[in-house]
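Structural overview for review
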Amino acid sequence: MEALVNDLGFIIGTTLMYSTPLIFTATGSVITERSGIINIGLEGMMYFGAFVGAAVAYFTQDPWIGFLCAGLAGAFLALFHAIATVTFSAEQIVSGIAINFLGPGLALFLSRLFFDGATQTLTIPNKMPLPLNFLFGDGKLFASTGFMDLVFNQFATVYLSIALVFVAWFFLYKTRLGMRLMAVGEHPEAADSLGISVYRIRYGAVMTSGFLAGLGGAAMSIAVVSRFSNTLISGHGFIALAAMIFGKWRPQGALLACLIFGGAKGLEIYLGAKGFPVPSSILATLPYVLTIIILVGWVGRSRPPAAIGKIFDKGEA
Amino acid sequence: MTSIDFSRKTVEMIDVVKKFGDFVANDRISLTVHKGEVHALLGENGAGKTTLMNCLYGLYRPTEGKIRINGKEVVITDPNVAIHHGIGMVHQHFKLVEPFTVTQNIILGQETTKMMGILDLAAAEKKVSEISEKYGLTVDPRAKIEDISVGSQQRVEILKALYRGAEILILDEPTAVLTPGEIQELVTIIRNLTAEGKTIIIITHKLHEIKQVADYCTIIRRGKFIDTVEVAGVTEHELASKMVGREVSFAVDKRPAQRGERVLAIENLVVKDNRGIQVVNGLSLDLHKGEILGIAGVDGNGQSELIEALMGLRKVQSGRIRMRDKDITNASPKQIISEHSICSIPEDRQKRGLVMEFDVAENLILENYQRRPFSERGVLDHQEIYKFADQCIMEFDVRPQDAQMTAKSLSGGNQQKVIIAREVSNDPEVLVASQPTRGLDVGAIEYVHRALVEQRDRGKAVLLISFELDEIINVSDRIAVIFEGRIVGEVDAENADENNIGLMMAGGRV
Ligand SMILES: Nc1ncnc2c1ncn2[C@@H]1O[C@H](COP(=O)(O)OP(=O)(O)OP(=O)(O)O)[C@@H](O)[C@H]1O
Ligand SMILES: [Mg+2]
């Protein structure tokens, strides 16, 4: 019985840990899509963020500085996306694809430069802290092993990501800026005719999504694992995108979807650890297969923001 | 009409010029409006009315000319400045965020907030209710835009302007999309507003509306100022000929119909709307060669769904549609158009009628691009396409005469002419025309009506759907009245009695 509870704890714990990078990225993606700009460059932004986060955390020995710099790195790439799509009305998908080449390219180039030609960083000295760790151990509130420890003794990034979803929800539905952002994504001409700057709001939204994707990448490279390597991100940006769509362009929905995808990963690791008689390479496809199934079955059924992907220009000659 | 304060000029536009590239949309237009006045702007489609008002509202910057508000010269660089000077505008095509509530739409850009930019929707709703009661603009502040009628949406647009403290209200073709009942409500609202000292500039193509609500009327033709007249001193005919620059006849002159054999038969048709409610309830209808059958009815009695089902855009639940004795129930739109030769002028020209990003020539061949001479072995022949387009533009008087203009940059009325040109030149056996003259000027209306009659005289069948009873009675040979998804009566247009039809439209028995 206790073994079963512990197994469950293990699955929940790994689910939370692996969902975290997705939650950061998907929440950012909700923000940008709600303003009317598609960002499929999330993958590249996560990748670059993961590298910058690990590299900075390695050199400064401070995971928090690394984390912050990862966000800035993502926002830096997003700036290009914003310039291309908002200012120059470029095709949003094409620009996003370009970012997906640029992000990894830049990361690997810098990695070779700073880590003796290696395509991965060295192990960082300090990972993200476990903020609730003081509750667990001998003579503390909970034992240092077991269900409670497995589920609740998580990295700071895990708690941050969940808090972020609440903040994003509050921002979108309860604040003035959030309402304006959604108006811009639905009907930019209407917003414009009421004196709202469509361009400024879209810049802000795209940069925010880049920042959060960068954080998502770092949540991978300095918490889930403790270094950046070139296969670390492999599709997480796209999974986050799928989660955002599955979550119907809502932060709370995206959170749920990320937990489902993270759950697939948790299950994969659990089954692998148990020596389940299926090759690990097949198990590892689980999250991706799930992504495809969900996208095929779901996309048609939910309604995206009306102005998404469309060009807005003020029509002045 | 007594509320005008002639000592106060609220709006003065002096020699305003607006050019788009080389094209002069407004050519030295002047306009003076006083406090409490209702001032109408009259002009053909593409005359430059909307452009002029966009200059006043700051959406466009005039190329030349001066604007004075309340006697002070101002430069209106963007809508914020216009709003600041007390100018509000209700656009020809509404600018509302569909999934937002009424309140959210009204306060957008000038939200009531608590600290730190947190919305205070309760306070906003209260304020909205106050204003709506004051002017008799009934709306439900919590309803979503996508769930309310066009008339209510328009009230939301007016409230949006009033909420921003508008003293000068521009209404661009406010009645084009309203039902007769809603138009009467709007008239009352306009009276309430002027009684409160507001100034109104209204654009409309309907001359009797000008006679009914306006004090003065400024007429423009092809971007040029023609005259400003006191409405009480002119007749509708005089207004029309000033606007078009020639005599126009309101009556449709046509020979008696040469009714031929039956082409289209609809039997016991049942169709559901988007919400899954059955809105066409066992409707039956026959259409013969050489006749125009008018369908009279109040908006929302199943007309749109009937047409969509006929054109293959909506599933038929039960019943049959037969064209020349072939069953076409639930056939694809492509089959219906090209094999069965039924063409339609759709009700919503921007959503269903045109690809707004395409140019006029491309829009004109949307249904025939795969045929010769427009394409050969899958390759488009642009020379032929533009030759055809130039021909259509001449024949149907689309302005400006430029096949390379995008549909988006045409005026509303000229967009409609492009669609009519496309469908009529297809020469279909059955032409379905839904609201074909919505938003058209009287000259263009005369033209469209003549096109429908010509089609009939060449032995083709025409099905006309309109909410305007006048139009139905003038143009049709036979009139069917639709009510709650069924045909409740049929009369000959010759001896049609407006009151009887009106009664049947409201569900009354005759
Ligand atoms: N953004 C634009 N770029 C180029 N040309 C334009 C633009 N907007 C309008 N025009 C042209 O300017 C002319 C005037 O258009 P406008 O919309 O003001 O007409 P209108 O009088 O409001 O007509 P309607 O009654 O059909 O609405 C038209 O010929 C139109 O094609
Ligand atoms: Mg107009």
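For clarity, every value in this text was computed on a predicted model and none was experimentally measured. (Residues numbered from 1 in each chain as written. Chains lettered and ligands numbered in written order. Predicted model: local features only at pLDDT ≥ 70, side-chain atom pairs only at ≥ 80, totals over all residues. Heavy atoms only, no water.)

1. Here we look at the overall build of chain A
Each helix and strand in chain A was counted, giving 13 helices and zero strands. Written out in order from the N terminus, the α and β elements of chain A read α-α-α-α-α-α-α-α-α-α-α-α-α. The C-alpha atoms of chain A give a radius of gyration of 20 Å, which matches the 20 Å a tight globule of 317 residues would have. With respect to the principal axes defined by its C-alpha atoms, chain A has extents near 70 × 45 × 40 Å. By the burial criterion, 54% of the 317 residues in chain A qualify as buried. Taking as baseline every contact in chain A between residues at least 6 positions apart, the subset at least 24 positions apart corresponds to 79%. (Helix = DSSP H or I, 4+ residues; strand = E, 2+ residues; numbered from the N terminus. Rg over C-alpha atoms; globule rule 2.2 N^0.38 Å. Buried < 20%, exposed > 50% of the residue type's maximum accessible area, 1.4 Å probe, protein only. Contact = heavy atoms within 4.5 Å.)

2. Looking at the coordination of the magnesium ion (ligand 2)
Residues and elements named next belong to chain B. Donor atoms from the polypeptide that coordinate the magnesium ion (ligand 2) comprise T50 (OG1) and Q92 (OE1), at 2.0 to 2.4 Å from the metal. Of this pair, T50 sits in helix 1 (residues 49-56) while Q92 is found in the loop between strand 6 (87-90) and helix 3 (102-107), placing the two residues 42 residues apart along the sequence. Owing to a relative accessible area of 18%, Q92 belongs among the buried residues under this scheme. (Donors = N, O, S within 2.8 Å, 3.2 Å for Na, K, Ca; no water.)

3. Description of the sheet that holds strand 21 (residues 478-483) of chain B
Residues and elements named next belong to chain B. The sheet built from six strands is open, its strands ordered 16-19-20-13-21-22 with mixed pairing. Edge positions in the open sheet fall to strand 16 (342-345) and strand 22 (486-492), since each of these has one partner strand only. Taken over all neighbouring pairs, the strand axes of this sheet differ in orientation by 20 degrees on average, direction set aside. Pairing between strand 13 (residues 292-296) and strand 21: four bridges, direction parallel. Residue pairing across strands places I295 opposite A480, the latter belonging to strand 21. Lying on the sheet, helix 15 (residues 442-457) is in contact with strand 13, strand 19 (430-434) and strand 20 (461-466); it crosses strand 20 at an angle near 150 degrees. (Pairing = 2+ DSSP bridges. Axes fitted to C-alpha atoms, helices over the stretch in contact; angles between N-to-C directions.)

4. What about the domain arrangement of chain B?
All names here are of chain B. Entries for chain B in the domain assignment read domain 1 (5-244), domain 2 (251-341 + 428-510) and domain 3 (350-426). Taking only C-alpha atoms into account, the centre of domain 1 sits 34 Å from that of domain 2. Carbon and sulfur atoms supply 59% of the area buried between domain 1 and domain 2, which totals about 870 Å² over both sides. On the domain 1 side of the contact with domain 2, N45, T179 and H205 bury the most area, a combined 40% of that side's loss. Along the contact surface separating domain 1 from domain 2 lie one salt bridge. The tally of links from domain 1 across to domain 2 stands at four residue pairs in polar contact (both at pLDDT 80 or more). The residue makeup of the side of domain 1 that touches domain 2, split by class, is seven nonpolar, four polar and three charged. (Domains from an automatic or database assignment. Buried area = accessible area lost by both parts, 1.4 Å probe. Salt bridge = Lys/Arg side-chain N within 4 Å of Asp/Glu carboxyl O. Polar contact = N/O pair within 3.5 Å; in protein donor to acceptor, adjacent residues only side chain to side chain. Nonpolar A, V, L, I, M, F, W, Y, C, P; charged D, E, K, R; others polar.)

5. A look at the nonpolar core
Judged by nonpolar contacts, the single largest core of 139 residues is most densely connected at I210, C217 and L239 of chain B. For this core, the element with the highest residue contribution is helix 9 (residues 198-224) of chain A, accounting for 13 residues. In terms of nonpolar packing, the next biggest core, distinct from the first, is built from 47 residues, F396, V418, A433 and I473 of chain B among them. (Core = buried A, V, L, I, M, F, W, Y, C linked by side-chain atoms within 4.5 Å.)

6. Regarding a nonpolar patch on the surface
Residues and elements named next belong to chain A. Side chains of F59, F109, L113 and F114 sit close together on the surface and give an oily, nonpolar patch of about 470 Å² of accessible area. Ranked by residues supplied to the nonpolar patch, first place goes to helix 4 (residues 92-114) with three residues. Its location among the elements puts F59 in helix 2 (residues 42-60). (Patch = residues over 30% accessible without salt bridge, like charges linked within 9 Å, V, L, I, M, F, W, Y side chains within 5 Å. Areas by Shrake-Rupley, 256 points an atom, 1.4 Å probe, with all protein chains shown as cover.)

7. Some remarks on the interface of chain B and chain A
Across the boundary between the two partners, chain B contributes 29 residues, which contact 22 residues of chain A. When the two sides are added together, the surface that chain B and chain A hide from each other amounts to roughly 2,100 Å², 63% of it contributed by carbon and sulfur. Of all residues in chain B, the largest losses of buried area upon contact with chain A belong to K95, L108 and L119 of chain B, amounting jointly to 22% of the total for that side. Inspection of the region where chain B meets chain A yields one salt bridge. With a closest N to O distance of 2.8 Å, R180 of chain A and E111 of chain B form a salt bridge. At the level of elements, strand 1 (5-20), helix 2 (79-84) and helix 3 of chain B are the ones that each hand at least two residues to the side of chain B that touches chain A. Split by residue class, the side of chain B that touches chain A holds 15 nonpolar, eight polar and six charged.

8. Regarding the pairing of strand 16 of chain B
Residue and element names in this part refer to chain B. Alternating positions in strand 16 separate into two faces, I342 and S344 on one and C343 and I345 on the other, with burial throughout. The pairing of strand 16 with strand 19 spans four bridges and is classified as parallel. For I342, the partnering residue across the bridge sits in strand 19 and is V430.

9. What to know about the environment of F48 of chain A
Looking at the secondary structure, you find F48 of chain A in helix 2. Taking C-alpha positions, F48 of chain A is 12 Å from A219 of chain A, a pair spaced 171 residues apart along the chain.

10. Side note on the confidence of the model for chain B
In the predicted model, chain B carries a mean pLDDT of 90, and 99% of its residues have values of at least 70. Confidence metrics for the complex model read pTM 0.81 and ipTM 0.87. (pLDDT = per-residue confidence, 0-100.)

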